[in-house]
Amino acid sequence: MAGIRVINGGMLTTVQDKGRYGYQASGMQVSGVMDRTAALLANALVGNEELSGDAAVLETTYLGPELEFEQDALAAVAGGMPDVQLDGVPVKPYRTIAIKAGQRLKVAGQKSGIRAYIAVSGGFATDRALGSRSTNLKLGLGGLRGRRLETGDILPLGKPGAYAARALSGRARLRALPEQHVEALLKRGLLAGADGGKIRQIRVILGPQDDYFATDAIESFAGSVYTISSNSDRMGYRLQGAAVAKAKQQDLITDGIVCGSIQIPPDGQPIIMLADHQTTGGYPKLATVATADLPLLAQSMPGDRLQFRLISVQEAQQLLRQQHEDLAEIIRSMEAQTAADLPAAQAGGRQFRLKINGEVFEVSVRQI
C-alpha cells in the first residue's frame, strides 16, 4: 500500500490529532497536539479543513523526521520556525508543498520554537484507538503502534479533499500563510528581560485551589521569572524559580486536572500540566493557563523563561474567542485565494522547480 516511508524518525515524532476525549473519568489522558494553532494552520494549508472529523498530523520535537513519499501529495509544515528541506533543498514552512512520488521531505531542526507539525493531504490514516489517532506514549496506545516513528515505518494516507485534488493536478494555486501572520506567531507573548534576554509571558487564571496560598505567595508567583527544567515532557513542564509557599498545610483530596493546570508540589516549584497530563492529582492547583496561551507553552523548551500574568475568566474567554475568530479569518483568506480553478491555459502549462540562491521556487509556464 502506497503512503509515506520513514527514512529517519527524528528525535521524537508522533502521530497526533485533537485528542482522545470522553475517557478522562476512566483515567485515560486526552493527549493530542501540543500546539493546536500550528496543527490547524498546517492542515488548512493542504486543504484538510474540507475533510470531516480531525485530520491527524505528525508532531515533531526539535529534530524532525525524513520522509519519502510513495505517492503524490500536498504537505505543509508549521510551528515555530522549522528548517524544512525537500530532496535536500531548503523550502519555506507555512506554505503548501507539492510533492511527487519518490521525493523526500525533512525537518532538519528548529530555528525557533521546539515543535513542528507536518500535515499531508488526506491526513495520516493510522488506526483509531478510542476514537482518536493520537499517540499516548506512556500507554503505548494510538498513532503507529503507540510509539514514536522509527526507520522503515510506513504511514498510510487518507483520501485528499477537493482542494488537494485540484492543486495536485495543477488546477489550483498552492497556499501560503502571509509573512505578517508568520511573524506575529513567532513574536507571541515575548517580552524583553532585564538582562536583555527574552521572556515569554503566559496568562493564567487563579484557581481552583488558590485559597491554599497567601496573598504574598501569589504576588511572588506572578512577579517572578521561572525557567523550564530539563525534566519536562509532553506530560508537563517542571519550572525552576521562586518557591511558592502554601498557607494551608492540610491535605487536598485528589481531584481533576486539565491541560494548563499549575500544580504546586511540596518543594514549591510549579509544574504545568500539558497534553499527556494525568487525569487527577493531589497537589493544590494555584492557577490554570488560559487556553489561548497553551500554544505558547508548546513552543517553549527547557531553558526558556516564563513569567505569568493574572487575568480573569472573562478575559481568558475573550482571548480564546478572538483567537478562534482570527484563525478562522486567516484560513478563509487562504481558501479565497485558491477557491477558483486556474485558467485552463495555465493549468495545462508546464510546471518547473527552480533553485535560486539555495531556495526552491515552484514556477508555472503557460502560453499567452
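It should be noted that the structure appears before, not after, this text.
This one's a predicted model, so the numbers in the text were calculated from it and none came from an experiment.

Asks: Which parts of the structure should I look at to understand the overall build of the protein chain?
Replies: Across its full length, the protein chain holds seven helices and 23 strands. For the protein chain, the C-alpha radius of gyration of 22 Å lies close to 21 Å, the compact-globule estimate for 368 residues. The principal-axis extent of the C-alpha atoms belonging to the protein chain is close to 75 × 40 × 35 Å. Within the protein chain, buried positions represent 50% of all 368 residues. Of the contacts formed within the protein chain by residues at least 6 apart in sequence, a portion of 74% connects residues at least 24 apart.

Asks: Would you mind going over the packing of aromatic side chains with me for this structure?
Replies: Think of a pair of aromatic rings as described by two things: how far the centres are apart, and how the planes are tilted against each other in angle. One pass over the structure, following the stated rule, counts three aromatic pairs. Between Phe 221 and Tyr 226, the ring centres sit 6.1 Å apart and the planes meet at 45°, which makes this aromatic pair tilted. Given the relative accessible area of 0%, Phe 221 is considered buried. Arranged with centres 6.1 Å apart and planes meeting at 50°, the rings of Tyr 226 and Phe 308 form a pair that is tilted. Taken together, the residues Tyr 226 in strand β14 (residues 225–228) and Phe 308 in strand β21 (residues 305–310) connect sequence positions 82 residues apart. Since its relative accessible area comes to 0%, Tyr 226 is described here as buried. By the ring-pair criterion, three or more aromatic residues cluster together here, those being Phe 221, Tyr 226 and Phe 308. Looking at Arg 175, its charged tip hangs above the ring of Tyr 163, at a distance of 3.9 Å from the centre.

Asks: Even after reading the chapter, I still don't get the environment of Phe 308, so can you show me in this structure?
Replies: Since its relative accessible area comes to 2%, Phe 308 is described here as buried. Setting aside anything within four residues of it in sequence, one finds Phe 308 in contact with Ile 202, Val 204, Phe 221, Ala 222, Tyr 226, Leu 239, Ile 262 and Ile 272.

Asks: Hey, could you run me through the sheet that holds strand β2 (residues 14–16) in this one?
Replies: The pairing of strands in a sheet happens through backbone hydrogen bonds and is either parallel or antiparallel. One open sheet accounts for five strands, arranged β2-β3-β10-β5-β8; its pairing is antiparallel. Two strands close off the open sheet at either side, each with one partner strand: β2 and β8 (97–99). Here the average twist between neighbouring strands, direction ignored, is 30°. In this structure, strand β5 (residues 73–78) lies alongside β8, joined through three bridges in antiparallel fashion. Within β8, the residue paired with Leu 74 across the bridge is Ala 98. In the packing of helix α1 (residues 36–45) onto the sheet, contacts are made with β3 (57–61), β5 and β10 (115–120), and the angle to β10 comes to roughly 25°.

Asks: I tried to follow the layout of surface pockets on my own but got confused; where do I start?
Replies: Unoccupied space between atoms shows up once a probe the size of one water molecule is rolled over them. Within this model, the largest pocket holds a volume of roughly 930 Å³. Taken together, 42 residues line the largest pocket, and the ones lying closest to its centre are Lys 18, Tyr 21, Val 33, Arg 36 and Thr 291. Those elements that place two or more of their residues in the lining of the largest pocket are α1, β20 (285–289), α5 (294–298) and α6 (313–337). With eight residues, α6 is the single largest residue contributor to the lining of the largest pocket. Of the residues that constitute the lining of the largest pocket, the class distribution is 25 nonpolar, twelve polar and five charged.

Asks: Would you mind going over the pairing of strand β6 (residues 81–86) with me for this structure?
Replies: On a regular strand, each side chain points to the face opposite its neighbour's, so the side chains alternate between the two faces of the sheet. The buried fraction of β6 amounts to five of the six residues, a majority that puts the element mostly inside the structure. Both β6 and strand β9 (residues 104–112) contribute to a ladder of six bridges, which runs antiparallel. Paired with Met 81 across the strands is Ser 112, a residue of β9. Here three bridges tie β6 to strand β7 (residues 89–91), and the two strands are oriented antiparallel to one another. Counted as the bridge partner of Leu 86 is Val 89 from β7. The hairpin formed by β6 and β7 contains two residues between the paired strands, and Asp 87 there has a positive phi angle of roughly 50°.

Asks: Would you mind going over the nonpolar core with me for this structure?
Replies: As a rule of thumb, nonpolar side chains are buried together in soluble globular proteins. In this structure, Phe 221, Ile 262, Ile 272, Leu 297 and Phe 308 are the most contacted members of the largest nonpolar core, which totals 56 residues. By residue number, the principal contributor to this core is α1, which donates six residues. Apart from the residues lying within four places of it in its own chain, the contact partners of Phe 221 are Val 204, Tyr 226, Val 244, Ile 262, Pro 270, Leu 286, Ala 287 and Phe 308. Ala 56, Leu 58, Leu 67 and Phe 124 belong to the second largest nonpolar core, which has 25 residues in total.

Asks: Whenever I open this one, helix α4 (residues 215–223) confuses me. Can you help?
Replies: Residue pairs spaced three or four apart in an α-helix point in one direction, given the helix's 3.6 residues per turn. Turning to α4, its buried residues number three or more, namely Ala 217, Ile 218 and Phe 221. The arc enclosing the buried residues of α4, seen along the axis, measures out at 100°, which places them on a common side. What points out from α4, more than 90 degrees from its buried face, is the exposed set Thr 215, Asp 216, Glu 219 and Gly 223. Buried-residue contacts for α4 involve β13 (198–206), β14, β17 (261–263), β20 and β21.

Asks: Is there a simple way to think about the side chain of Lys 285 in this case?
Replies: The topology assignment puts Lys 285 in strand β20. Given a relative accessible area of 1%, Lys 285 falls into the buried group. Within the local environment of Lys 285, its side chain forms a polar contact with the side chain of Asp 255, the two groups lying 2.6 Å apart. Excluding its chain neighbours within four sequence positions, the residues that come into contact with Lys 285 are Gly 207, Pro 208, Gln 209, Asp 210, Asp 255, Gly 256, Ile 257, Ser 261, Ile 262 and Gln 263.

What counts, and where the lines are drawn
- Residues numbered from 1 in each chain as written.
- Predicted model: local features only at pLDDT ≥ 70, side-chain atom pairs only at ≥ 80, totals over all residues.
- Heavy atoms only, no water.
- Helix = DSSP H or I, 4+ residues; strand = E, 2+ residues; numbered from the N terminus.
- Rg over C-alpha atoms; globule rule 2.2 N^0.38 Å.
- Buried < 20%, exposed > 50% of the residue type's maximum accessible area, 1.4 Å probe, protein only.
- Contact = heavy atoms within 4.5 Å.
- Phe/Tyr/Trp six-rings, centres within 6.5 Å; stacked < 30°, edge-to-face > 60°.
- Lys NZ or Arg CZ within 6 Å of the ring centre and 35° of its normal.
- Pairing = 2+ DSSP bridges.
- Axes fitted to C-alpha atoms, helices over the stretch in contact; angles between N-to-C directions.
- 1 Å grid on protein atoms, 1.4 Å probe; cavity = no way out; pocket = protein on both sides within 12 Å on 5 of 7 lines; lining within 4 Å.
- Points joined across faces, edges and corners; volume = space filled by probe spheres on them.
- Nonpolar A, V, L, I, M, F, W, Y, C, P; charged D, E, K, R; others polar.
- Core = buried A, V, L, I, M, F, W, Y, C linked by side-chain atoms within 4.5 Å.
- Arc of directions from axis to C-beta.
- Polar contact = N/O pair within 3.5 Å; in protein donor to acceptor, adjacent residues only side chain to side chain.

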